[in-house]
Amino acid sequence: MTNNPVLVTGGTGTLGRQVVPLLRAASRPVRVLSRRERAAQDGVAYVRGDLLGDPAEADARLDEALAGVDTVLHLAGGPKGDDEATRRLVAAARRAGVRHLVYISVIGADKVPLGYFRAKLGAEEAVAGSGLPYTVLRAAQFHDLAFSVVEKMAKLPLVPAPGGVRWQPVDVREVAARLVELALDAPAGAVPDLAGPRVYGMGELTRGYLAAQGRSRKQLPVRVPGKVGRAYRAGANLTLAGAEHGRRTWEEFLTERLAA
Ligand SMILES: NC(=O)c1ccc[n+]([C@@H]2O[C@H](COP(=O)([O-])OP(=O)(O)OC[C@H]3O[C@@H](n4cnc5c(N)ncnc54)[C@H](OP(=O)(O)O)[C@@H]3O)[C@@H](O)[C@H]2O)c1
């Protein structure tokens, strides 16, 4: 094992903030790419760079971030442009001779007809077609995302309950632990999906959120229209067979989050 720095894109995000300390605990120096200037601390150095910024500037920053790096965990992402951002990173990783590129994708990337999922699929394709040794893990929605969605819905006078829409939320710490294990092992290509321990209807997630605070709210059944609705009702965002499963439940997450 080398002791070259591991580059983590998205190291400042919900997932990345869990990944970075695990790499440090494994005694790996860490470099984080972030759009903001940040001071180095606790064995973590930061390089400022925007994967979707001015191409020449982004490439220069990426070359700096990738100098001497063998392993990259690509966790940077947003609602739009993950395909483009990943193509840019892949080109730079090829220039730098990276030996293992690990990418976090989402369950349903190839099935849910929404821009975010399509971009994740485009990013997966960029990684798989890069010629670089790689590992891609698709995860279900994190508890944190489910929380921010139901928190917003629960503020409405009537809480929408989209019929047939189910989630399989997973704890971000378990996703982080799996990614670090994969990153420190040999490149494995597409590995089994990582989903949460249970499937919940959206209405059930909201009820759980309210019940954990001793509240209840009337729910309004709604139907998600069109092909997006059909895809969700068909479970395109779920992996019902062949996935690995996290252990922490939505209820455990709620207890912890609401106590914090
Ligand atoms: N959230 C979920 O439920 C879920 C489920 C499955 C997969 N994923 C995937 O997991 C990854 C991390 O998700 P998350 O929830 O941790 O996201 P997040 O909390 O929104 O964090 C996004 C991260 O990406 C970085 N970033 C965004 N745009 C960038 C750009 N143009 N250039 C450089 N860095 C950029 C941000 O860094 P700075 O702000 O410091 O620049 C930040 O660290 C994403 O790829 C997401 O698609 C998420």
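To keep things clear, this report deals only with the structure shown in the data block.

Conventions adopted
- Residues numbered from 1 in each chain as written.
- Predicted model: local features only at pLDDT ≥ 70, side-chain atom pairs only at ≥ 80, totals over all residues.
- Heavy atoms only, no water.
- Near = heavy atom within 4 Å.
- Polar contact = N/O pair within 3.5 Å; in protein donor to acceptor, adjacent residues only side chain to side chain.
- Areas by Shrake-Rupley, 256 points an atom, 1.4 Å probe, with all protein chains shown as cover.
- 1 Å grid on protein atoms, 1.4 Å probe; cavity = no way out; pocket = protein on both sides within 12 Å on 5 of 7 lines; lining within 4 Å.
- Sits in = over half its atoms within 2 Å of the grid points.
- Helix = DSSP H or I, 4+ residues; strand = E, 2+ residues; numbered from the N terminus.
- Patch = residues over 30% accessible without salt bridge, like charges linked within 9 Å, V, L, I, M, F, W, Y side chains within 5 Å.
- Salt bridge = Lys/Arg side-chain N within 4 Å of Asp/Glu carboxyl O.
- Buried < 20%, exposed > 50% of the residue type's maximum accessible area, 1.4 Å probe, protein only.
- Points joined across faces, edges and corners; volume = space filled by probe spheres on them.
- Nonpolar A, V, L, I, M, F, W, Y, C, P; charged D, E, K, R; others polar.
- Core = buried A, V, L, I, M, F, W, Y, C linked by side-chain atoms within 4.5 Å.
- Contact = heavy atoms within 4.5 Å.
- Lys, Arg positive; Asp, Glu negative; His and termini not counted.
- Charge placed at Lys NZ, Arg CZ, Asp CG, Glu CD.
- Arc of directions from axis to C-beta.
- Pairing = 2+ DSSP bridges.
- Right-handed = clockwise from strand over helix to strand, strands pointing away.
- Axes fitted to C-alpha atoms, helices over the stretch in contact; angles between N-to-C directions.
- Left-handed = near helix turned anticlockwise from the far one by under 90°.

Okay, the site of the ligand next. Near the ligand you find 26 residues, and of these T12, S34, R35, Y116 and K120 are the closest. For the ligand, an oxygen atom lies 3.3 Å from a polar atom in the backbone of G10. Note that an oxygen atom of the ligand is positioned 2.7 Å from one of the backbone N or O atoms of R35. Relative to its free-state accessible area of 900 Å², the ligand is covered by the protein chains to the extent of 84%. Put simply, the ligand lies in the largest pocket. Counting only elements with at least two residues in the shell around the ligand, the list comes to strand 5 (100-106) and helix 4 (115-128).

Together, L158, L220 and V222 make up an exposed nonpolar region whose accessible area comes to about 210 Å². With respect to the element layout, L220 can be found in strand 12 (residues 219-222). Judged by its relative accessible area of 38%, L220 falls in the partly exposed class.

This next bit is on the layout of surface pockets. The volume enclosed by the largest pocket comes to roughly 1100 Å³. Around the largest pocket, the lining comprises 39 residues; the ones closest to its centre are L75, A76, G77, G78 and Y116. Residue classes in the lining of the largest pocket are distributed as 19 nonpolar, 12 polar and 8 charged.

Let's shift gears to the pattern of salt bridges. Applying the stated rule across the entire model yields 16 salt bridges. Among the ionic pairs, R173 bridges to D171, the shortest N-O distance being 2.9 Å. You can call R173 partly exposed: its relative accessible area is 27%. Among the ionic contacts, a cluster of salt bridges with common partners joins D59, D63, R88 and R95.

This part covers the nonpolar core. The nonpolar side chains of soluble globular proteins are, as a tendency, buried together. In terms of nonpolar packing, the biggest core is built from 30 residues, with V8, L15, V19, L73, V175 and L179 touching the most fellow members. Of all elements in the fold, only strand 1 (6-9), helix 1 (16-25), strand 2 (30-34), strand 5, strand 6 (134-139), helix 6 (172-183) and strand 10 (194-195) reach the threshold of two or more residues within this core. The biggest single contributor to this core is helix 6, with 7 residues. Excluding residues that lie within four positions of it along the chain, L15 makes contacts with L75, I104, F142, V172, V175, A176 and L179.

In this section: a positive patch on the surface. On the surface, K152, K155, R215 and R217 cluster together to form a positively charged patch. Inspection of the secondary structure puts R217 in the loop between helix 7 (202-211) and strand 12.

On to unusual backbone geometry. Not every positive phi belongs to a glycine, and S27 is a case in point at roughly 65 degrees. Position of S27 relative to the elements: it lies in the loop between helix 1 and strand 2. According to the relative accessible area criterion, S27 is partly exposed, its value standing at 48%. Of note in this structure, D42 is not a glycine but carries a positive phi near 50 degrees. Relative to the assigned elements, D42 resides in the loop between strand 2 and strand 3 (44-48).

Let us look at helix 9 (residues 250-259). For the α-helix, the turn length of 3.6 residues means that residues three or four positions removed from each other point alike. For helix 9, the complete set of buried residues consists of W250, F253 and L254. Along the long axis of helix 9, the arc covered by the buried residues comes to 100 degrees, so they all point the same way. Along helix 9, exposed side chains directed more than 90 degrees from the buried face belong to T255 and A259. Of the surrounding secondary structure, the elements contacted by the buried residues of helix 9 are helix 5 (143-153), strand 11 (200-201) and helix 7.

Burial along strand 1 is two-sided: the face carrying V6 and V8 and the face carrying L7 and T9 are both buried. Of the strand pairs in this sheet, strand 1 and strand 2 are connected by 4 bridges, and their pairing is parallel. Looking across to strand 2, one finds that T9 is bridged to L33. Handedness of the crossover joining strand 1 and strand 2 through helix 1: right-handed.

Okay, the packing of helix 7 against helix 9 next. The N-to-C vectors of helix 7 and helix 9 enclose an angle of 35 degrees; their axes lie 10 Å apart at closest approach. In terms of crossing hand, the pair formed by helix 7 and helix 9 is right-handed. Taking contact as the criterion, the partners of L205, G208 and Y209 in helix 7 are, on helix 9, W250, L254 and L258. The residue inventory of the contact of helix 7 with helix 9, partitioned by class, reads 5 nonpolar, 1 polar and no charged.

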